[in-house]
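# Report on the structure
So the chains spell out like this:
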Amino acid sequence: MTKVQIKVNDNGSFRVTGDVELIDAEGNKFETKQVFSLCRCGLSSKMPFCDGSHKGKFESVVRAPKSEQEA
């Protein structure tokens, strides 16, 4: 089974790649594709999906900590 990948884009969305089920707090399913982006800035008119509204209005660069082997 292939792992689902979620990429934290600089100044943008969470990019989700793979076979994943996205549900709301009540258990209702959102229709998704194999690749989609989730809003991180709160400005999207298509929540929870990204519509590009963040461009020029949202800054966030997140990096995972390096492991001891990489340091």
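This write-up is about the structure you can find in this document. (Residues numbered from 1 in each chain as written. Predicted model: local features only at pLDDT ≥ 70, side-chain atom pairs only at ≥ 80, totals over all residues. Heavy atoms only, no water.)

In this structure, strand β1 (residues 5-8) lies alongside strand β2 (residues 14-17), joined through 4 bridges in antiparallel fashion. Looking across to β2, one finds that Gln 5 is bridged to Thr 17. Between the end of β1 and the start of β2, which pair antiparallel, lie 5 residues, with Asn 11 showing a positive phi angle near 55°. (Pairing = 2+ DSSP bridges. Helix = DSSP H or I, 4+ residues; strand = E, 2+ residues; numbered from the N terminus.)

Moving on, we come to the sheet that holds β1. The strand order across the open sheet formed by 3 strands is β1-β2-β5, and the pairing between neighbours is antiparallel. Two strands close off the open sheet at either side, each with one partner strand: β1 and β5 (35-38). Across this sheet, the average inter-strand angle for adjacent strands is 20°, counted without regard to direction. (Axes fitted to C-alpha atoms, helices over the stretch in contact; angles between N-to-C directions.)

Our next topic: the packing of aromatic side chains. Applying the stated rule across the entire model yields 2 aromatic pairs. Where Phe 30 meets Phe 49, the ring centres are 5.9 Å apart and the plane angle is 90°; that geometry is what we call edge-to-face. Of this pair, Phe 30 sits in strand β4 (residues 29-30) while Phe 49 is found in the segment after β5, placing the two residues 19 residues apart along the sequence. Summarising the aromatic geometry, the rings of Phe 36 and Phe 49 are spaced 5.8 Å apart at their centres and angled 75° between planes, so their arrangement reads as edge-to-face. Highlighted residues: Phe 36 in strand β5 and Phe 49 in the segment after β5, separated in sequence by 13 residues. Per residue, the accessibility class of Phe 36 equals that of Phe 49, and both read buried. Among the aromatic residues, those joined into a cluster by ring pairs are Phe 30, Phe 36 and Phe 49. Its guanidinium or amino end placed over the ring of Phe 14, Arg 40 lies 5.5 Å from that ring's centre, counting from NZ or CZ. (Phe/Tyr/Trp six-rings, centres within 6.5 Å; stacked < 30°, edge-to-face > 60°. Buried < 20%, exposed > 50% of the residue type's maximum accessible area, 1.4 Å probe, protein only. Lys NZ or Arg CZ within 6 Å of the ring centre and 35° of its normal.)

Val 16, Leu 22, Phe 36, Leu 38 and Phe 49 form the largest nonpolar core, which has 5 residues in total. If sequence neighbours within four positions are ignored, Leu 22 has contacts with Asn 28, Lys 29, Phe 30, Thr 32, Phe 36, Leu 38, Pro 48 and Phe 49. (Core = buried A, V, L, I, M, F, W, Y, C linked by side-chain atoms within 4.5 Å. Contact = heavy atoms within 4.5 Å.)

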